[in-house]
Amino acid sequence: LKSLKLRCVNLDDTNTVNSDGAYPVRDADVALAELAQACSNLLKLNLSRCGDFFLSRDALRAIALKCTLLRDLDLSWSPADDAGVTAVLDGCHELRMLSLQGCKQLTTDISERLVRAPNLLWCDLSWVNNIDPDRSAEMVVENPRLCVVEYYGSSLSGRESRWSPMNFDGGRAG
């Protein structure tokens, strides 16, 4: 958040990462809400490895409500659950890339919502225990534009998928 504060002048100094890397637990949701408010034009956000106390459903809802232009979101190895990811998908209609690698609280139920996300082209579900590889394979049949990284790290692409790390613009172009 410190580096974002330089560009998002509305962030409060009390809501920055401490020098030891720890973040005041009581202010984590507030900080992400302020980030979302101050940086509503954010296109890419990496919240990977945020602990249980840092990335709550409320924080994801704040991001979904304010960062509607978000195209690339990394929630890898975070406590994100179905409700939080659903909030993001409901609010961030421009989302093209979503990494959920290692999110242990997700269930197969979220796969239905991922398939219906209007612009989602790539989703990493590797190491997500509750979504088996067979369901990942079904997802690319249901949404042929989607590329899904299944539990063991294999990429599965639908017949209409144009996904390639080499030709993806990282959310910069339409």
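Scroll up a little and you will see the structure.
Residues numbered from 1 in each chain as written. Predicted model: local features only at pLDDT ≥ 70, side-chain atom pairs only at ≥ 80, totals over all residues. Heavy atoms only, no water.

Visitor: I tried to follow the overall build of the chain on my own but got confused; where do I start?
Guide: A count of helical and extended segments in the chain gives 6 helices and 6 strands. Along the chain direction, N to C, the helices and strands of the chain fall in the order α-α-β-α-β-α-β-α-β-α-β-β. Within the chain, contacts between residues separated by at least 24 positions form 60% of all contacts whose residues are at least 6 apart in sequence. Per element, the accessible surface of the chain, about 8,800 Å² overall, is 50% carbon and sulfur. (Helix = DSSP H or I, 4+ residues; strand = E, 2+ residues; numbered from the N terminus. Contact = heavy atoms within 4.5 Å. Areas by Shrake-Rupley, 256 points an atom, 1.4 Å probe, with all protein chains shown as cover.)

Visitor: Could you clarify how one ought to interpret helix H5 (residues 109-116) in this entry?
Guide: Count 3.6 residues to each turn of an α-helix, and residues three or four apart come out pointing the same way. The set of residues buried in H5 consists of Ile110, Ser111, Arg113, Leu114 and Val115. Looking at the buried side of H5, the elements it contacts are helix H4 (82-91), strand S3 (97-99), strand S4 (122-124) and helix H6 (133-142). (Buried < 20%, exposed > 50% of the residue type's maximum accessible area, 1.4 Å probe, protein only.)

Visitor: Is there a simple way to explain the environment of Ile110 in this structure?
Guide: Looking at the element boundaries, Ile110 is found in helix H5. For Ile110, a relative accessible area of 1% corresponds to the buried category. The spacing of Ile110 and Thr86 is 24 residues in sequence and 7.3 Å in space, taken between C-alpha atoms. Each residue touching Ile110, except ones within four places of it in the same chain, is listed here: Asp82, Val85, Thr86 and Ile131.

Visitor: Whenever I open this one, the sheet that holds S3 confuses me. Can you help?
Guide: The strands that make up a sheet pair up through hydrogen bonds in the backbone, lying either parallel or antiparallel. Here we have 6 strands laid out as an open sheet, ordered S1-S2-S3-S4-S5-S6, and mixed in their pairing. The open sheet has two edge strands, strand S1 (44-46) and strand S6 (155-157), and neither has a second partner. Here the strands of the sheet are splayed against their neighbours by 5° on average, with no regard to which way each runs. As paired strands, S4 and strand S5 (residues 147-149) are joined by 3 bridges and run parallel to one another. By the bridge assignment for S5, Trp122 is matched with Cys147. (Pairing = 2+ DSSP bridges. Axes fitted to C-alpha atoms, helices over the stretch in contact; angles between N-to-C directions.)

Visitor: Explain the packing of aromatic side chains to me, please; I cannot follow it from the model alone.
Guide: Inspection of every chain in the model, using the stated rule, returns 2 aromatic pairs. Ring geometry for Trp127 versus Tyr151: centroids 5.1 Å apart, planes at 55°, classification tilted. Placement of Trp127 in the loop between S4 and H6 and of Tyr151 in the loop between S5 and S6 is noted, with a sequence separation of 24 residues between them. You can call Tyr151 buried: its relative accessible area is 17%. Ring geometry for Tyr151 versus Tyr152: centroids 4.9 Å apart, planes at 80°, classification edge-to-face. Here the aromatic residues Trp127, Tyr151 and Tyr152 are joined through ring pairs into a cluster of three or more. (Phe/Tyr/Trp six-rings, centres within 6.5 Å; stacked < 30°, edge-to-face > 60°.)

Visitor: Whenever I open this one, the environment of Cys67 confuses me. Can you help?
Guide: Here Cys67 lies in the loop between helix H3 (57-66) and strand S2 (72-74). A C-alpha to C-alpha distance of 9.2 Å links Cys67 and Val88, two positions 21 residues apart in sequence. If near-sequence neighbours (up to four positions away) are discounted, Cys67 is found in contact with Ala36, Cys39, Ser40, Leu42 and Cys92.

Visitor: Where do I start with the packing of H3 against H4 in this structure?
Guide: Angle between the axes and distance between the axes: these two values describe a pair of packed helices. Look at H3 against H4: their axes get within 8 Å of each other, and the N-to-C directions meet at 5°. By the angle between their axes, H3 is roughly parallel relative to H4. Listed contacts from H4 to Arg57, Leu60, Arg61 and Ala64 of H3 are Ala83, Gly84, Val85, Ala87, Val88 and Gly91. Here the contact of H3 with H4 is composed, by residue class, of 6 nonpolar, 2 polar and 2 charged. (Parallel < 35°, antiparallel > 145°, perpendicular 65-115°, else oblique. Nonpolar A, V, L, I, M, F, W, Y, C, P; charged D, E, K, R; others polar.)

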